[in-house]
Amino acid sequence: MINAIGDRSAYAQGLVGQGNRPNPITQAHTLGETSARLYLLAQAGPTGEPVLVGLLKVGTKQLFHFDAHGRTRELQNQACVLDFYIHEQYQRGGFGKVLFGAMLAHEGVQPERFAYDRPSPKLIGFLRKHYGLAEFVPQQNKFVIFDQFFSSKPAPPSSMYDSTFDRPLTARNHSQPQRMR
């Protein structure tokens, strides 16, 4: 399943080689070779079987960033979004926001603090719409680091839910009475 969705991500990003074969960023057999973390989003399909809806791969890289004035910064162990894909049938349904929000909460990093490896126009639009990220200096290494990375201080992680209405119910131990405060 991971290889299949990794191939779909490669096609969506135009990462194809000879014979129109995908050149995926994410493959199951290479995950153990790196410290990258893979976030997956699945849901029940029409007949109840699990359907892999999306993937999000993050890791760290050593990057060099050139600003608009030609100054170079070396970024050691820079948190990076390496691959992000939501299956076409599930795009524009909020699944990307859920997956990305879960990753942000788990990693404890704000979206402007990431470098993005070769982001597609769809990912750039997603980041603009949901996180207000738009301005960056194009880099030769194809990583995008938004201007807010350098102009903002890390903020505390926000909730991945827009309101209390969206939050899932929390399991409670019903053997003990719950007190209201």
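Just above, that's the structure.
Residues numbered from 1 in each chain as written. Predicted model: local features only at pLDDT ≥ 70, side-chain atom pairs only at ≥ 80, totals over all residues. Heavy atoms only, no water.

> What exactly am I supposed to notice about the environment of Val109 here?
Relative to the helices and strands, Val109 is located in the loop between helix 2 (95-107) and strand 4 (115-117). Considering only alpha carbons, one finds Val109 and Ala79, 30 residues apart in sequence, at a separation of 8.4 Å. Apart from the residues lying within four places of it in its own chain, the contact partners of Val109 are Leu104 and Phe114. (Helix = DSSP H or I, 4+ residues; strand = E, 2+ residues; numbered from the N terminus. Contact = heavy atoms within 4.5 Å.)

> Just to check I follow, could you spell out unusual backbone geometry for this structure?
Trans is the common state for peptide bonds, and a negative phi is the common state for residues other than glycine. Phi is positive for Asn77, close to 50°, though the residue is something other than glycine. Tracing the sequence through the fold places Asn77 in strand 3 (residues 72-86). On the basis of relative accessibility, which here comes to 62%, the residue Asn77 falls in the exposed class. The phi torsion at Lys142 lies on the positive side, around 70°, for a residue other than glycine. Inspection of the secondary structure assignment puts Lys142 in the loop between helix 3 (121-131) and strand 5 (143-144). Looking at Lys142, the relative accessible area reads 45%, which means it is partly exposed. (Buried < 20%, exposed > 50% of the residue type's maximum accessible area, 1.4 Å probe, protein only.)

> Help me understand the pattern of salt bridges in this model?
Side chains carrying opposite charge are able to pair once their charged atoms draw close together. Counting across every chain of the model gives three salt bridges. Across the pair Arg37 and Glu107 runs a salt bridge, and its minimum N-O distance is 2.8 Å. One end of the pair, Arg37, is in strand 1 (residues 37-44); the other, Glu107, is in helix 2, and 70 residues separate them in sequence. The exposure class of Arg37 is partly exposed, given its relative accessible area of 31%. For Asp67, the salt bridge is made with Arg71, and the minimal N-O distance between the two is 2.8 Å. (Salt bridge = Lys/Arg side-chain N within 4 Å of Asp/Glu carboxyl O.)

> Just to check I follow, could you spell out the environment of Arg113 for this structure?
Structurally, Arg113 can be placed in the loop between helix 2 and strand 4. For the pair Arg113 and Phe150, spaced 37 residues apart in sequence, the C-alpha to C-alpha distance is 8.6 Å.

> How should the pairing of strand 3 be read in this particular structure?
Regular strands place their side chains on alternate faces of the sheet. Where strand 2 (residues 50-66) and strand 3 come together, 12 bridges link them in antiparallel fashion. Pairing of Leu56 across the sheet is with Phe84, part of strand 3. From the end of strand 2 to the start of strand 3, which pair antiparallel, there are five residues, and Gly70 there has a positive phi angle of about 85°. Regarding topology, helix 2 serves as the crossover connection from strand 3 to the parallel strand 4, and that connection is right-handed. (Pairing = 2+ DSSP bridges. Right-handed = clockwise from strand over helix to strand, strands pointing away.)

> Teacher, can you tell me more about helix 3 here?
Count 3.6 residues to each turn of an α-helix, and residues three or four apart come out pointing the same way. For helix 3, the full list of buried residues reads Leu123, Ile124, Phe126 and Leu127. Along the axis of helix 3, the buried positions cluster into a sector of 160°, meaning they face one direction only. Residues Pro121, Lys122 and Lys129 are exposed on helix 3 and point more than 90 degrees away from its buried face. Against the buried residues of helix 3 lie strand 3, helix 2 and strand 4. After helix 3 finishes, the residue Gly132 shows a positive phi value of roughly 70°. (Arc of directions from axis to C-beta.)

> Please clarify how the packing of helix 2 against helix 3 should be interpreted in this entry.
Running from N to C, helix 2 and helix 3 cross one another at 75°; their axes reach a closest spacing of 12 Å. Relative to helix 3, helix 2 is oriented roughly perpendicular. Along the contact surface, helix 2 presents Gly96, Lys97, Phe100, Gly101 and Leu104, while helix 3 presents Phe126, Leu127, His130 and Tyr131. Within the contact of helix 2 with helix 3, the residues separate by chemical class into five nonpolar, three polar and one charged. (Axes fitted to C-alpha atoms, helices over the stretch in contact; angles between N-to-C directions. Parallel < 35°, antiparallel > 145°, perpendicular 65-115°, else oblique. Nonpolar A, V, L, I, M, F, W, Y, C, P; charged D, E, K, R; others polar.)

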